[in-house]
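Remarks on the overall topology
Residues per chain are reported as follows:
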Amino acid sequence: MNAWYVGAIATEVEGEAFFHRKILDTSVMFYRKQDGSVVALHDRCPHRFAPLSLGKRVGDEVSCLYHALRFDADGQCTHNPHGTGHIPKAARVRSFPVQEQYGFIWIWMGDEPADRALLPDFSPLMEGHPNAIAYTYMAMKSNYELIIDNVMDLSHIDHVHGEIITTRGQLSPIVPTIQETARTISAQWAWKQTPPIGIFAPFLPEPKEEARHFFDITWSPPANIQLTVWALQGEGDGYDESIGQYDLHTCTPADEFHTHYFFVTRRNHVVEDGEFNAIKIKAMHDAFHDEDGPLIQAVQDEMGTSDFFSLNPVLMSNDIAAVKVRKLLQKLIRDEQSADAVTEQRSAAE
Amino acid sequence: MNAWYVGAIATEVEGEAFFHRKILDTSVMFYRKQDGSVVALHDRCPHRFAPLSLGKRVGDEVSCLYHALRFDADGQCTHNPHGTGHIPKAARVRSFPVQEQYGFIWIWMGDEPADRALLPDFSPLMEGHPNAIAYTYMAMKSNYELIIDNVMDLSHIDHVHGEIITTRGQLSPIVPTIQETARTISAQWAWKQTPPIGIFAPFLPEPKEEARHFFDITWSPPANIQLTVWALQGEGDGYDESIGQYDLHTCTPADEFHTHYFFVTRRNHVVEDGEFNAIKIKAMHDAFHDEDGPLIQAVQDEMGTSDFFSLNPVLMSNDIAAVKVRKLLQKLIRDEQSADAVTEQRSAAE
Amino acid sequence: MNAWYVGAIATEVEGEAFFHRKILDTSVMFYRKQDGSVVALHDRCPHRFAPLSLGKRVGDEVSCLYHALRFDADGQCTHNPHGTGHIPKAARVRSFPVQEQYGFIWIWMGDEPADRALLPDFSPLMEGHPNAIAYTYMAMKSNYELIIDNVMDLSHIDHVHGEIITTRGQLSPIVPTIQETARTISAQWAWKQTPPIGIFAPFLPEPKEEARHFFDITWSPPANIQLTVWALQGEGDGYDESIGQYDLHTCTPADEFHTHYFFVTRRNHVVEDGEFNAIKIKAMHDAFHDEDGPLIQAVQDEMGTSDFFSLNPVLMSNDIAAVKVRKLLQKLIRDEQSADAVTEQRSAAE
């Protein structure tokens, strides 16, 4: 709960319009003030519970459609057209801290004060030509952890996806190198293949010759996965000398069985080609939508409302990273809950 | 429960046909006998629970489609084509008291004997030219109390509806005058506006000049609201000298979250104009369907299965009448339930 | 549970394809090995619970789409492409005993060893010309017992179905002769009618004259009903000298409120006419689909989640056979459950 979730792609909240999304079981509305800054309010009038996003804009304020109570960007009621116009003390809606970063609008839903330091550093997204970055969104009918599992276990790509990103079976035998910190899990794979992986081959010096390949992924809470994949031929070393891309997968639960799945990709080649950029994000969106998506949702249907570990999954070497994420996430949630319990006890004692 | 609910508009039950509607969680079928009188039966054969409304008419009786048990208008089985033809004592369905009044078919679903005196007097509906009255129906995905709230708080009309019935903000500041009896809540608003309200202006002597306006609404249990609205210019006084209309809004719960919403309007001007009558009821239906309906249903979605007061609504002067209705309705339901409890204790003691 | 259910019509599982069906709340996949024999596996990979039926065929084995674990026809994992390729002991899926008989694929879902003797003898289906037998399937939104009730009480045919199989009211008055064994309930009806029943009249010597008619049905657990119906004129005696047909109705629960309804009919007249065969099965399918189906599903809707007997049905002479089946089925289920309990106690004691 006390974490930054993506509420929307920055371009989803534009102009004068109100944008609604259900986040962590709560109705949220987003809009931009006239200075361009983003506001996130509980999308429920405290009077009779009408969604404020059905209402009208009055400058930087929101007028409820039902009875025209008006709220400012802090959620404070500023106008009551009824009776004497007295504004009851309780006439306010919750305003959620937001920050616009990396092309996303991030929202803090927790009870603790928003801690900007808890937003991980995804600054590589911002470095480079504007035609080399692209965003997409999918509404998934599954729990968000099944989506994290999918990305943390990259061994699936040879089996689920087509020719374009096949490693020709090279990936599955590799047990990834794992690195752990108090709040992150990383996994690295390195291998060689001939020809190089389809998405990079055309841009390498020798498209049909062997290349060294690397995957480097890092999960950070609550549901962010940075994924860097690159290929090198010849003397080159490191991502900067490679043909590669830096992606962020990030999930925001709508509720227990529905997830907002956001994705952004930044590449380091043909960076000025806007047409290629559009083709690339469409291809990636289609792969998620047509290949990962139906599979993850079929897994959710098969699991029903059961907890993952309660079904005794047979786990293997390729599950190392995904299982470490599930365990660390459980620990972080437990820590947050016991911190809450301590806070509540203190409040009760005072 | 022990109250008259509208089961259908009289014209919904016509000819030889059976008409089905779910009322208070119970399947009900309606039909007219050959003498035109209306019958309401539990729409469930006591044999194997097939809906009788799927069956066939045999004179004034109903033959079940599944095995041809036949029931008369009192719900008594009159024919069993099986075996010896013996009719088991239990072979009967519940027949509900009905009365056809004011263009509606009213049904009594309670366990107490039907009390015709409990149907309020809506006789103004019946006075006047047949081209000056019109009925409509909407299936609403909400609890019925949210619909009553909508009508009892008329301050919404400036905010929800369009130019045609705007009071240009005059209504909201007015705290209505409230009158209460043991079983009714009334509210009155009076104001002046220039030009007059759009639905009446064309029929007033001076369509662009100031007129005195009046709203007078009365709720009576379980879910009836009489609404009179009129405008006057010059010396005239009272509804009879005005341009105005007398409406009835009445709700019948299908179940906790689905409501049958019936509406009838009787006007006192251009009373012979059938074409205008059709246009007017269509405009009112569209306003409910396109403006109130989506809002009320969005409120229901946002409330989910929560009780209204449990969500701590911020109530204001415009809620006076609606809240008084909710409180009186709660009291009447509690009274009915304790009367039931007393009856049950007496039965147990005997 | 410890019984043979129809999993599929034999022709539903053909070629290289995987066939999925939910049976007794369990996902099952069917396919044919290269030798034509049928395999039924739990349609859930034990790794991450993806449906195996989304996967790929590798000879007689199934490769999971998600991470390419491969399983043989016994459900044993034979290939793990990940890490060292070690196959965890738990990496197996349940393989269900099947037998292909009478044009159906029968599946055993119980914990007890499959007992081939428990499949009733439906061998009359197999006797005769291939153009005189036809199969159909319907997905029903009802509990399976409501479908059995429908067939066990044939008195419904005069009321539910059209001219083509009417007995002109002759069937309902007859109380069928009942025969019972430890595991079967049979009912017989015999009557005369003029003209003969529509489906047989054109094939009798005198299509407009009186004929003797017979229905003979036998239920056997869990949900099989053999139904023989025939008509005779003149000196003829017995089914073999008649115009008639031998049908099997059999139901497989998907879950408590969804049932797979299978039907096969074998006739003893115009046996070589393939075109008539197609017309006949289509007419029977349409009668179930358009006449019985909506009625049974309406009964289910009206019953909701209530148990049949808890609603106090008014039962009559025509219900004798259906009620005997419900009672015997309850007894057999209780017997199975107490046998299970005894087994569990013994296991616990050991």
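I will try to describe carefully the structure that is included in this document. (Residues numbered from 1 in each chain as written. Chains lettered and ligands numbered in written order. Predicted model: local features only at pLDDT ≥ 70, side-chain atom pairs only at ≥ 80, totals over all residues. Heavy atoms only, no water.)

**Comments concerning the overall build of chain A**
Applied cut-off: Helix numbers and strand numbers start at the N terminus; a helix is a DSSP run of H or I with at least 4 residues, a strand a run of E with at least 2. The atom set for the radius of gyration is the C-alpha atoms, and the globule formula is 2.2 Å times the number of residues raised to the power 0.38. Exposed residues in this analysis have more than 50% of their type's maximum accessible area, buried residues have under 20%, and partly exposed residues fall in between, with area computed by a 1.4 Å probe over protein chains only. In this description, accessible areas are obtained by the Shrake-Rupley approach with a 1.4 Å probe, and a residue is regarded as covered only by the protein chains that are shown.
Summing up its helical and strand segments, chain A has 4 helices and 18 strands in all. Expected size for 350 residues packed as a compact globule is a radius of gyration near 20 Å; at 23 Å, chain A falls within 12% of this value. Residues classed as buried in chain A amount to 55% of the 350 residues present. Total accessible area computed for chain A in this model is approximately 15,000 Å², and 52% of it derives from carbon and sulfur atoms.

**A look at the sheet that holds strand β5 (residues 56–58) of chain C**
Hydrogen bonding along the main chain pairs the strands of a sheet, whether they run parallel or antiparallel. Residues and elements named next belong to chain C. Applicable threshold: One bridge is not enough; two strands pair if DSSP finds at least two bridges between them.
Judged by pairing direction, the sheet is antiparallel, and its 4 strands sit side by side in the order β5-β6-β7-β8 without closing on themselves. Each having just a single partner strand, β5 and β8 (77–79) make up the two edges of the open sheet. Looking at chain direction, β5 and strand β6 (residues 61–63) are connected through 3 bridges and run antiparallel. Its bridge partner lying in β6, K56 is registered against S63.

**A short note on the interface of chain B and chain C**
What counts is decided by this rule: Whether two residues touch is decided by their heavy atoms; if any such pair falls within 4.5 Å, the residues are in contact. When two parts are put together, the accessible area they lose, computed with a 1.4 Å probe and summed over both, is reported as buried area. We define a salt bridge as a side-chain nitrogen of Lys or Arg found within 4 Å of a carboxyl oxygen belonging to Asp or Glu. We define a polar contact as two N or O atoms separated by no more than 3.5 Å, with the added condition that, inside protein, one atom must be a possible hydrogen donor and the other a possible acceptor, whereas residues neighbouring each other in sequence contribute only through side-chain atom pairs.
The partner chain C presents 29 residues to the 24 residues of chain B that form the contact. Both faces considered, chain B and chain C share a buried interface measuring about 2,200 Å² in area, 60% of it formed by carbon and sulfur atoms. The three residues of chain B that bury the most area against chain C are R48(B), F49(B) and Y66(B), which together make up 36% of that side's buried surface. Our enumeration of links across chain B and chain C arrives at 3 salt bridges. For E302(C), the salt bridge is made with R44(B), and the minimal N-O distance between the two is 2.9 Å. Joining chain B to chain C, the criterion identifies 13 residue pairs in polar contact (both at pLDDT 80 or more).

**Some words on the relation of the copies chain A and chain B**
To keep things clear, this is the line we draw: Only residues with pLDDT of at least 70 in both copies count here: their C-alpha atoms drive the least-squares fit that superposes the copies.
Of the transformation superimposing chain A on chain B, the axial component is 0.0 Å and the angular component is 120°, with the fit at an RMSD of 0.0 Å. Taken together, the rotation and translation describe the operation of a three-fold axis. For chain A, the smallest separation between a C-alpha atom and the rotation axis is recorded for T305(A), amounting to 12 Å.

**Some thoughts on the interface of chain A and chain B**
Applied cut-off: Classification convention: Asp, Glu, Lys, Arg as charged; Ala, Val, Leu, Ile, Met, Phe, Trp, Tyr, Cys, Pro as nonpolar; all other residues, Gly among them, as polar.
Contacts between the two partners involve 24 residues from chain A and, on the opposite side, 29 residues from chain B. Of the roughly 2,200 Å² buried at the junction of chain A and chain B (both faces included), carbon and sulfur atoms supply 61%. Its largest share of buried area at the contact with chain B, chain A owes to R48(A), F49(A) and Y66(A), together 35% of the area lost on that side. Run the count over chain A and chain B and you get 3 salt bridges. Across the pair R48(A) and D149(B) runs a salt bridge whose closest N-O atoms are separated by 2.9 Å. Across the contact surface, chain A and chain B share 13 residue pairs in polar contact (both at pLDDT 80 or more). Of the residues assigned to the side of chain A that touches chain B, the class counts are 13 nonpolar, 7 polar and 4 charged.

**A look at the side chain of K280(B)**
By secondary structure assignment, the location of K280(B) is in helix α3 (residues 274–303). Among all residues touching K280(B), those that are not within four sequence positions of it are Q245(B), T265(B) and R267(B).

**Considerations on unusual backbone geometry**
Here the bond from P221(A) into P222(A) is cis, since omega is 0°, no more than 30 degrees from zero. Assignment of secondary structure puts P222(A) in the loop between β15 (211–220) and β16 (224–232). Even without glycine at this site, F49(C) takes up a positive phi of about 70°. In this structure F49(C) comes out as buried when scored by relative accessible area, which is 2%.

**Notes on the sheet that holds strand β1 (residues 4–9) of chain B**
Residues and elements named next belong to chain B. The condition is simple: Fitted lines through C-alpha atoms give the axes, limited to the stretch in contact for helices. The angle between two N-to-C directions lies from 0 to 180 degrees.
Strand order in the open sheet formed by 3 strands is β1-β11-β10, and the pairing between neighbours is antiparallel. Two strands close off the open sheet at either side, each with one partner strand: β1 and β10 (98–101). On average, adjacent strands in this sheet sit at an angle of 30° to one another, irrespective of strand direction. One ladder, built from 4 bridges, connects β10 with strand β11 (residues 104–108); its direction is antiparallel. Within the sheet, the bridge partner assigned to V98 lies in β11 and is I107.

So yeah, pure geometry; function would need other evidence.
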